[in-house]
Amino acid sequence: MFVGSNPTLSATRVMAVYHQVIERLRRVLPAAAVLSSPEELKPYECDALTLYRQLPLAVTLPADEAQVIAVLRICHEAKIPIIARGAGTGLSGGATPRSDAVLLSLARLNRIIGIDPLARTARVQPGVRNLAISEAAAPHDLYYAPDPSSQIACTIGGNVAENSGGVHCLKYGLTVHNVLALRVVTIEGEVLEIGSAAPDAPGYDLLALLTGSEGLLGVVTEVTVRLIPKPECARVVLAVFDSLTRAGQAVADVIAAGIIPAGLEMMDRPTIAAVEPFVNAGYPLDAEAILLCESDGTPEAVEEEIVRMEAVMRGAGATACRVSCDEAERLRFWAGRKAAFPAMGALSPDYYCMDGSIPRKRLAAVLQEIRRMEARYGLRCANVFHAGDGNLHPLILFDSNIADEVARAEAFGAEILELCVREGGSITGEHGVGVEKIDQMCVQFGGDELETFHAVKRAFDALGLLNPGKAVPTLHRCAELGRLHVHAGKVPHPQLPRF
């Protein structure tokens, strides 16, 4: 039980414990690396999910693994919760602070330890930016494939925590497919080496377990990633559609034709309208939807695949197809896609970015249902997403200055996620659960599954100090919501345990 949640301790005693912890932290870290005044804490009150804000108890800024260990041990001994944070670009509230918790920023662990061009690997600290890995590997004609839209700012530690993807994840995989090894510090301060630079590692696949665990199981202090050769050639087909249904069908047709694009992305009319003036990517403003479909490899292979892609797109009803004529145009096409989120500022003062996954064949039907939800909730929704792997990113537009629009946006988002589950998909593709989707976990999973998740959590963190209240709801919470999913006719026990 956390110090702040112990009813037997008076408020005065709790504050005394908190002050003692902060003083102990200042003895193991430089004075400037422990922040505690409201002014210092304000920049850390939320991550990119700005709907939820809370000042943490304190912020620590360790500069190496030894300091991370020291911070974790102090918090463990004092039973103070601790929340790890990367660049703060996460969209599900995974780094949302708590007033009784220490925020552990890993921003200063930002060293590229080494690039091995022969093994095609890079060893980096968690605070290294995603794009910086590719920049460091570029002299060896190598790069790191996962490329989230926030890659110029997001860090590899955060990518591991959320199992981030990107526009090229269809062909090259998510973070979990590109990480070879981790150094992880447990809440007790023990260092674990997970995975291996070899093709496989002995024992259970803890590497996959830690990747996407959202800071609930340990704190990553080093990551070994796979690098791949830069393709000789890459070109993009920009296909224009006059209906969402036809664009959705084109996605399914591309995969059915045996084509695995390097990237396959969709944007609808509202997104195009926001992005084109923002970036001047060359998108047609009269399109109902566009698809960006990329081929990479040898020039001969790319030329052949581009012809096949165009044929599939036109067969599905594309009204026009443009192929990037050079590298500058290819990058311009992708710049529009990657600028979709910031471009929304031209349409609305606020937006709520969702993240759900569905089977590709259900894209058109789900998009049409989202359109119907817009009318029901009285809010606009722009859609931009990784169409190739069915990972939706609906952007619900609202104004937080209008009394009930926040509540309507949250309800709209929850219904989209539950629609994804009904269609055979998932409540998240790459943003994680955090605090944003924790109630929808009750819809996605049954009681036995949630108990298994809690058992894994207890195996790594028996006191529940790492990032508490995130990602996995208690069975009690699901029962209170009346939303515990029931599998195969199983009815959860009426006396559900609290965790």
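Parameters and conventions
As a convention, each chain's residues are numbered from 1 in the sequence order in which they are written. Local features are withheld for residues below a pLDDT of 70 in this predicted model, meaning they are given only at 70 or higher, and side-chain atom pairs are given and counted only at 80 or more; totals for whole chains, interfaces and linings count all residues. The basis for every side-chain value is the complete set of non-hydrogen atoms in the structure, without hydrogens or water. We count a stretch as a helix when DSSP gives it H or I for four or more residues in a row; a strand needs E for two or more, and each element gets its number in order from the N terminus. One less than the residue count of a helix, multiplied by 1.5 Å, gives the span that helix is expected to have. Accessibility here uses a 1.4 Å probe with only protein chains present; expressed as a share of the type maximum, an area under 20% marks a residue as buried, one over 50% as exposed, and anything in between as partly exposed. When two cysteine sulfur atoms lie within 2.5 Å, the pair is treated as a disulfide. Planes of paired rings set the category: under 30 degrees apart is stacked, over 60 is edge-to-face and the rest tilted, where pairs are Phe, Tyr or Trp rings (Trp by its six-membered ring) whose centres lie within 6.5 Å. Whether two strands pair depends on DSSP finding at least two bridges between them. The residues that make up patches have over 30% relative accessible area and no salt bridge, and they are joined within 9 Å when like-charged or within 5 Å when they are Val, Leu, Ile, Met, Phe, Trp or Tyr. All accessible-area figures derive from a Shrake-Rupley calculation using a 1.4 Å probe, and residue coverage is judged against the displayed protein chains alone. Salt bridges are counted wherever a side-chain nitrogen of Lys or Arg sits within 4 Å of a carboxyl oxygen of Asp or Glu. In these notes, a set of buried Ala, Val, Leu, Ile, Met, Phe, Trp, Tyr and Cys residues joined through side-chain atoms within 4.5 Å is what counts as a nonpolar core. Contacts between residues were defined by any pair of non-hydrogen atoms, one from each residue, lying within 4.5 Å. Interaxial angle, 0 to 180 degrees, is taken between N-to-C directions of lines fitted to C-alpha atoms, where a helix line uses only the stretch in contact. Only protein atoms enter the calculation, which uses a 1 Å grid: trapped sets of points that fit a 1.4 Å probe without letting it out are cavities, open sets showing protein on both sides within 12 Å along at least five of seven lines are pockets, and any residue with an atom within 4 Å of a point is a lining residue. Grid points are joined across faces, edges and corners, and a volume is the space filled by probe spheres set on the points. Lys, Arg, Asp and Glu make up the charged group, whereas Ala, Val, Leu, Ile, Met, Phe, Trp, Tyr, Cys and Pro make up the nonpolar group; the residues left over, Gly among them, are polar.

Caption draft 1: A look at helix α14 (residues 405-422). Along its 18 residues, α14 runs 26 Å from first to last C-alpha, staying within 8% of the 26 Å computed at 1.5 Å per residue. Turning to α14, its buried residues number three or more, namely E405, A409, F412, G413, A414, E415, I416, L417, E418, L419, C420 and V421. Taken from the residues just after α14, G424 is the one with a positive phi, measuring 90°.

Caption draft 2: Molecular detail of the environment of P473. By the element assignment, P473 lies in the loop between α16 (447-460) and α17 (475-481). Residues P473 and E451, 22 residues apart in the sequence, show an inter-C-alpha distance of 9.7 Å.

Caption draft 3: Quick look at the state of the cysteines. One pass over the structure, following the stated rule, counts one disulfide. Disulfide pairing places C442 opposite C478 at an S-S distance of 2.1 Å. Across the S-S bond of C442 and C478 the torsion is about -80°, and the bridge reads as left-handed. With C442 in helix α15 (residues 441-444) and C478 in helix α17, this residue pair connects regions lying 36 residues apart in the sequence. By the burial criterion, C442 is buried, and C478 matches it. Lacking any disulfide linkage, C381 is separated from the closest cysteine sulfur, that of C353, by 9.6 Å.

Caption draft 4: Representation of the packing of aromatic side chains within the structure. Tallying each qualifying case throughout the model produces three aromatic pairs. Arranged with centres 5.1 Å apart and planes meeting at 10°, the rings of Y377 and F412 form a pair that is stacked. In this pair, Y377 sits in helix α13 (residues 363-377) while F412 sits in helix α14, placing the two residues 35 residues apart along the sequence. Grouping residues by exposure puts Y377 and F412 together as buried.

Caption draft 5: How the structure looks around the sheet that holds strand β3 (residues 82-85). Sheet architecture is open: four strands sit in the order β1-β2-β4-β3, paired in mixed fashion. Taken across any chain shown, the strands that pair with only one partner, and hence form the sheet edges, are β1 (34-35) and β3. Here β3 runs beside strand β4 (residues 102-105); their pairing, made up of four bridges, is parallel. Looking at β4, one finds that I82 is bridged to V102.

Caption draft 6: Region of the structure containing a nonpolar patch on the surface. Together, Y204, L206 and L209 make up an exposed nonpolar region whose accessible area comes to about 330 Å². Positionally, L209 belongs in helix α7 (residues 206-210). Residue L209 is classed as partly exposed on the basis of its relative accessible area, which comes to 32%.

Caption draft 7: Local environment of the nonpolar core. Among the nonpolar cores identified, the biggest contains 82 residues, and I133, L182, V223, V225, M313, I396 and F412 are the most heavily contacted of them. If you tally residues by element for this core, the top one is α14, at seven residues. Dropping the residues within four chain positions of it, I396 is found in contact with D350, Y351, Y352, M354, L379, R380, C381, A409, F412, G413 and I416. The next biggest cluster of nonpolar side chains, apart from the first, holds 39 residues, and it includes V21, C75, L103 and V219.

Caption draft 8: Just the sheet that holds strand β16 (residues 350-353), in detail. A sheet is described by the order of its strands in space; here seven strands give the open sequence β15-β12-β14-β13-β18-β20-β16, paired in antiparallel fashion. Among the strands making up the open sheet, the edge pair consists of β15 (320-323) and β16. Pairs of neighbouring strands in the sheet enclose a mean axial angle of 20°, with direction left out of account. Across three bridges, strand β18 (residues 381-385) lies against strand β20 (residues 394-398) in antiparallel orientation. From the neighbouring strand, N383 faces β20, where its bridge partner is P394. Contacting β13 (263-268), β14 (289-297) and β18, helix α9 (residues 269-279) runs over the sheet at an angle of about 95° to β13.

Caption draft 9: A look at the layout of surface pockets. Each pocket or cavity is described by its volume, and for the second largest pocket that value is around 840 Å³. T89, G90, C154, G158 and E162 are the residues nearest the centre of the second largest pocket, which is lined by 45 residues in total. At the level of elements, β3, α5 (156-162), β10 (219-226), α11 (327-338) and α12 (340-343) are the ones that each hand at least two residues to the lining of the second largest pocket. Here the lining of the second largest pocket takes six residues from α5, the largest share from any one element. Looking at the lining of the second largest pocket residue by residue, the classes come out as 17 nonpolar, 21 polar and seven charged.

Caption draft 10: Just the environment of L104, in detail. Positionally, L104 belongs in strand β4. Spatially, the C-alpha atoms of L104 and V59 are 6.0 Å apart, while their sequence positions differ by 45 residues. In this structure, L104 is in contact with T60, P62, V68, V71, I82, I83, A84, R85 and V219, ignoring residues within four places of it in sequence.

Limitation: the analysis is restricted to geometry and does not speak to function.
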